[in-house]
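# Summary of the model geometry
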Amino acid sequence: MKTLLLEQNITSDNIILEEEADSTVQNAIKTRSVVRNLMKTNNVVNVVIVTSSFHMKRSRFIFSRLFQCDEFQLHFEAAENNVSDSELQSLLELEEKCIDRLEHHRHRIFEEAVKEQF
């Protein structure tokens with residue numbers, strides 16, 4: 001993803017890669033923490049979340065809920081899915097199952113995920 005952004009003339013100091021999380025929820029929590037710290041020292045008002053297009057719906061669902069009370073704007077950009085059609089179909093089915101799970105258990109999942117951060 002970083003290469004894609006660099007090719008679009010985004011400078012590396014404006015790119016934050018979060019690579020420690022084990023899930024999209026953890027990724028959103030860690031990213032939010034980093035961005036909030038940046039807001040204290042820089043004038044960060046726009047955050048662009050870049051992920052695979054097959055993963056965009058779930059990422060938007062999670063990030064939008066965790067960032068909903070923050071003072072910056074979230075934007076989403078989809079990267080290409082470099083997978084076969086059959087693999088893409090499997091990934092899309094998995095994404096839908098994950099979104100269903102999140103919708104049914106969102107309060108518990110997000111509360112537990114936030115607790116894990118502290």
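The coordinates are above.
This one's a predicted model, so the numbers in the text were calculated from it and none came from an experiment.

### Observations regarding the pattern of salt bridges
Counted under the stated rule, the structure contains 2 salt bridges. In this structure, Glu96 and Lys57 form a salt bridge, with 3.2 Å as the shortest nitrogen-oxygen distance. Of the two residues, Glu96 sits in helix H4 (residues 85-117) while Lys57 sits in helix H3 (residues 56-66), which places them 39 residues apart along the sequence. Between Glu95 and Arg58 there is a salt bridge, with the nearest N and O atoms lying 2.7 Å from each other. In this pair, Glu95 sits in helix H4 while Arg58 sits in helix H3, placing the two residues 37 residues apart along the sequence. By relative accessible area, which is 5% here, Glu95 ends up buried.

### Brief notes about the environment of Ser23
Following the sequence through the fold, Ser23 ends up in the loop between helix H1 (2-7) and helix H2 (24-41). What makes Ser23 partly exposed here is its relative accessible area of 33%. Separated by 61 residues in the primary sequence, Ser23 and Ser84 have C-alpha atoms spaced 23 Å apart. Polar contacts involving the side chain of Ser23 include one to the main-chain amide nitrogen of Gln26, which spans 3.1 Å.

Cut-off values and rules
By convention here, each chain's residues receive numbers from 1 onward along its written sequence. In view of the model being predicted, local features appear only for residues whose pLDDT reaches at least 70, and side-chain atom pairs are presented and counted only at 80 or more, with totals across whole chains, interfaces and linings using the full set of residues. Only hydrogens and water are removed before side-chain values are computed, so all heavy atoms of the structure are retained for them. When a carboxyl oxygen of Asp or Glu is within 4 Å of a side-chain nitrogen of Lys or Arg, the pair counts as a salt bridge. A run of H or I in DSSP becomes a helix once it reaches four residues, and a run of E becomes a strand once it reaches two; helices and strands are each numbered from the N terminus. Each residue is assigned to one of three classes by its accessible area relative to the maximum for its type, calculated with a 1.4 Å probe on protein chains only: buried under 20%, partly exposed between the two thresholds, exposed over 50%. In protein, a polar contact requires one atom able to donate a hydrogen and another able to accept it; more generally it is a pair of N or O atoms within 3.5 Å, and residues adjacent in sequence count only if both atoms are side-chain atoms.

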